[in-house]
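Each chain, letter by letter, is given below.
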Amino acid sequence: MRFLIAAALLAATPAFAQTPLRATPPDSFKYLSAQELDQALMTPERGRVYSGHVINDHENYWVEFMKRFDHGNVIEYHAHWIDYITVLSGEGSVTYGGTVTGATGTDEQRGGTMAGGTVQVIKPGDYIQIPAGVPHLINAAPGQTLKFVLFKHRT
Amino acid sequence: MTVRRLLAIASLAALPLAASAQTAAPPAPHTIPTDAFVYQPAAEVEALTHRTDGKPQSKIVIDHENYFIEYVTRVINTNAEAHNHWYDYIHVLDGEGSITYGGTQEGGTDAGGGEIRGGKLVGGKLQLLHPGDRLVIPPGMPHIFTATPGHTFTYLIFKQKT
């Protein structure tokens, strides 16, 4: 039995070392005009009010554009991902930290309610860095549309 | 013992092995402390690359061994560059400029780490750039970023090591 496990281990190890989480082909040169990006953000994500457009998806990082409104946003929590954000247009807020109850998911949590979070108003040109494990809620100000570019990196 | 059973045992047993292999590996790629929560208002971000003497300026806001984030303001520039081991993911923030990309970088020199600088870019393509545009420049592709005469040109780069 022990020998069997050892043999199976030997056979399994290379597969673990070589298989990426998400295998995507190498990125080529790309140019997308501002108009094309806006177009890409016209369709909401499935089951959501807001929309996001992932440009380059790799196992340990991706680049995404997001459009948020003053409603339909949920508290997010990413156990293993850092969010690096630059606000492009519109005004809003990020509420971060605090204690979340009633969220669903484990490593990636969504929803619930937050107690004791800090509110930071955000405007075009602002830079925000949200560490892994910090719950946060990103909202547009009433009547506004908030757009930002997001670099996601796995810790 | 079926093959399926064996595979199940193997995958269970391989997890701790993968973990121990990681501890035995060379030092972790991240050489700077874990990132904290940061908020920088636009005025501060703008100030990072603001100059009144008409010179270019760039500022790295977060720096890791395998990726970093940089704000860059360009003026007129004719120097070609290529990064053999890095992707440039770029978002144009302000001003007007252009990129000439592709072709061959003749006479460039390796400034270290596969960073090729200078020389002449032959056969490149020109793309005008405006705020809101975005770009991906793959490793090894020579390029020249320049502001349009009379303008400055500011963009945000997410640099990722291959």
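Residues numbered from 1 in each chain as written. Chains lettered and ligands numbered in written order. Predicted model: local features only at pLDDT ≥ 70, side-chain atom pairs only at ≥ 80, totals over all residues.

Undergrad: Let's hear about the overall build of chain A: which residues, and what values?
TA: Counting its secondary structure elements, chain A contains two helices and 13 strands. For chain A, buried positions account for 28% of its 155 residues. Residue pairs at least 24 apart in sequence account for 68% of intrachain contacts in chain A once pairs closer than 6 positions are excluded. (Helix = DSSP H or I, 4+ residues; strand = E, 2+ residues; numbered from the N terminus. Buried ≥ 20, exposed ≤ 12 C-beta atoms within 10 Å, placed from the backbone. Contact = placed C-beta atoms within 7 Å.)

Undergrad: Residues and numbers for the overall build of chain B, please.
TA: Counting its regular elements, chain B contains two helices and 14 strands. Within chain B, the fraction of its 162 residues that count as buried is 28%. In chain B, of all internal contacts separated by at least 6 residues, the share reaching a separation of at least 24 is 71%.

Undergrad: Pulling in residues and values, what's your account of the environment of Leu48 of chain B?
TA: Residues and elements named next belong to chain B. When you line up the elements, Leu48 lands in helix α2 (residues 42-48). According to the C-beta neighbour criterion, Leu48 is partly exposed, with 18 such atoms within 10 Å. For the pair Leu48 and Lys59, spaced 11 residues apart in sequence, the C-alpha to C-alpha distance is 6.1 Å. Residues contacting Leu48, with those up to four places away along its chain left out, are Lys59 and Tyr71.

Undergrad: So, the nonpolar core: which residues are in play, and what are the values?
TA: Core analysis: the largest hydrophobic core is formed by 47 residues, its most contacted members being Ile90 and Tyr155 of chain B. Excluding residues that lie within four positions of it along the chain, Ile90 of chain B makes contacts with Arg134, Leu135, Tyr155, Leu156 and Ile157 of chain B. (Core = buried A, V, L, I, M, F, W, Y, C linked by C-beta atoms within 7 Å.)

Undergrad: Now, about the sheet that holds strand β3 (residues 61-68) of chain A: what can you tell me, with residues and values included?
TA: An order of β2(A)-β3(A)-β13(A)-β5(A)-β11(A)-β1(B) is seen for the six strands of this open sheet, with the pairing classed as antiparallel. The strands lining the two open edges of the sheet, one partner per strand, are β2 (51-57) of chain A together with β1 (38-40) of chain B. On average, adjacent strands in this sheet sit at an angle of 15° to one another, irrespective of strand direction. Bridge count for β2 of chain A against β3 of chain A is six bridges, and the pairing is antiparallel. (Pairing = 2+ DSSP bridges. Axes fitted to C-alpha atoms, helices over the stretch in contact; angles between N-to-C directions.)

Undergrad: Just give me the short version of the pairing of strand β11 (residues 127-130) of chain A, but keep the residues and values in it.
TA: Relative to β11 of chain A, strand β5 (residues 81-89) of chain A runs antiparallel, the two sharing four bridges. When the sheet's bridge partners are listed, Thr86 of chain A is paired in β11 of chain A with Tyr127 of chain A. Bridge analysis of β11 of chain A against β1 of chain B gives three bridges, and the strand direction is antiparallel. Its bridge partner being in β1 of chain B, Ile128 of chain A is matched across the sheet by Tyr39 of chain B.

Undergrad: For the environment of Gly114 of chain B, give the residues involved together with the corresponding values.
TA: Residues and elements named next belong to chain B. Within the secondary structure, Gly114 sits in the loop between β8 (109-110) and β9 (115-117). Given 14 C-beta atoms within 10 Å, Gly114 falls into the partly exposed group. In this structure, the C-alpha to C-alpha distance between Gly114 and Pro41, residues 73 residues apart in sequence, is 34 Å. Once residues within four sequence positions are removed from consideration, Gly114 is found in contact with His83, Asn84 and His85.

Undergrad: Mind laying out the sheet that holds strand β5 (residues 86-95) of chain B, listing which residues take part and the relevant values?
TA: The six strands are arranged β1(A)-β12(B)-β5(B)-β14(B)-β3(B)-β2(B) in an open sheet whose pairing can be described as antiparallel. Among the strands making up the open sheet, the edge pair consists of β1 (30-32) of chain A together with β2 (57-63) of chain B. Ignoring which end each strand starts from, the neighbouring axes of this sheet average 15° apart. In this structure, β2 of chain B lies alongside strand β3 (residues 67-74) of chain B, joined through six bridges in antiparallel fashion. Following the sheet pairing, Ile62 of chain B is matched in β3 of chain B by Ile69 of chain B.

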